[in-house]
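Chains, contacts and geometry: an overview
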Amino acid sequence: MEVNFKELTFKGERPLVFILSGAGLSAESGIPTFRDANGLWRKYDPKELASIGALERHTQDVFDFYNERIKNAEPCRPNAAHIAIAEFQKDVAAFCDVIHVTQTWII
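Okay, so let's go over this structure. In this text the structure is predicted, and so the values were computed from the model without any measurement.

Some details on helix H5 (residues 80–92)
The terminal C-alpha atoms of H5, which comprises 13 residues, lie 18 Å apart, in line with the 18 Å expected from a rise of 1.5 Å per residue. At the N-terminal boundary of H5, the capping side chain belongs to Asn79, with an oxygen 2.8 Å from the backbone nitrogen of Ala81.

Quick word on the packing of aromatic side chains
Using the criterion set out here, one finds four aromatic pairs in the structure. A ring pair is formed by Tyr44 and Phe65, whose centres lie 5.2 Å apart and whose planes are at 70°; its orientation type is edge-to-face. Taken together, the positions of Tyr44 in the loop between helix H1 (24–27) and helix H2 (46–49) and Phe65 in helix H4 (residues 59–73) put the pair 21 residues apart, joining distant regions of the chain. These aromatic residues form a ring-pair network of at least three members: Phe34, Trp41, Tyr44, Phe65 and Tyr66.

Structural notes on the pattern of salt bridges
All told, the structure shown has one salt bridge when counted by the stated rule. With a shortest N-O distance of 3.5 Å, Arg57 and Glu48 are connected by a salt bridge. A relative accessible area of 30% means that Glu48 is categorised as partly exposed.

Quick word on the side chain of Ser51
Structurally, the position occupied by Ser51 is in the loop between H2 and helix H3 (52–57). Reaching out from Ser51, the side chain makes a polar contact with the backbone nitrogen of Ala54 at a distance of 3.0 Å.

Looking at the environment of Ser21
Position of Ser21 relative to the elements: it lies in strand S1 (residues 16–21). Here Ser21 falls in the buried class, since its relative accessible area comes to 10%. In sequence terms Ser21 and Thr102 are 81 residues apart; their C-alpha atoms lie 4.8 Å from each other. A polar atom in the side chain of Ser21 sits 2.7 Å from the side chain of His100.

Reading the values: rules and limits
- Residues numbered from 1 in each chain as written.
- Predicted model: local features only at pLDDT ≥ 70, side-chain atom pairs only at ≥ 80, totals over all residues.
- Heavy atoms only, no water.
- Helix = DSSP H or I, 4+ residues; strand = E, 2+ residues; numbered from the N terminus.
- Expected span 1.5 Å × (residues − 1).
- Polar contact = N/O pair within 3.5 Å; in protein donor to acceptor, adjacent residues only side chain to side chain.
- Phe/Tyr/Trp six-rings, centres within 6.5 Å; stacked < 30°, edge-to-face > 60°.
- Salt bridge = Lys/Arg side-chain N within 4 Å of Asp/Glu carboxyl O.
- Buried < 20%, exposed > 50% of the residue type's maximum accessible area, 1.4 Å probe, protein only.

This is the structure:
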């Protein structure tokens, strides 16, 4: 399969590198995942914290849940994978754009 990099653009004529990683990348740094064996959705109902309906019905509960996640993530530090992705982004910044997206679950 031939890739036409001119068609894979993000900003003008620049090629785009898209990195899709899983939650395990951040789990290694101590950030809890949602769906693994000890994931957050084992303790909480995602329909009550991760949906438009939840935001409309229980706005404060949704904000409290995510603010607590942010607070708990503050002491966590990047691991080797995070550092490698950041270094890669710096190395290729002159000639392409990089987007890194972690997988998520949408209800």
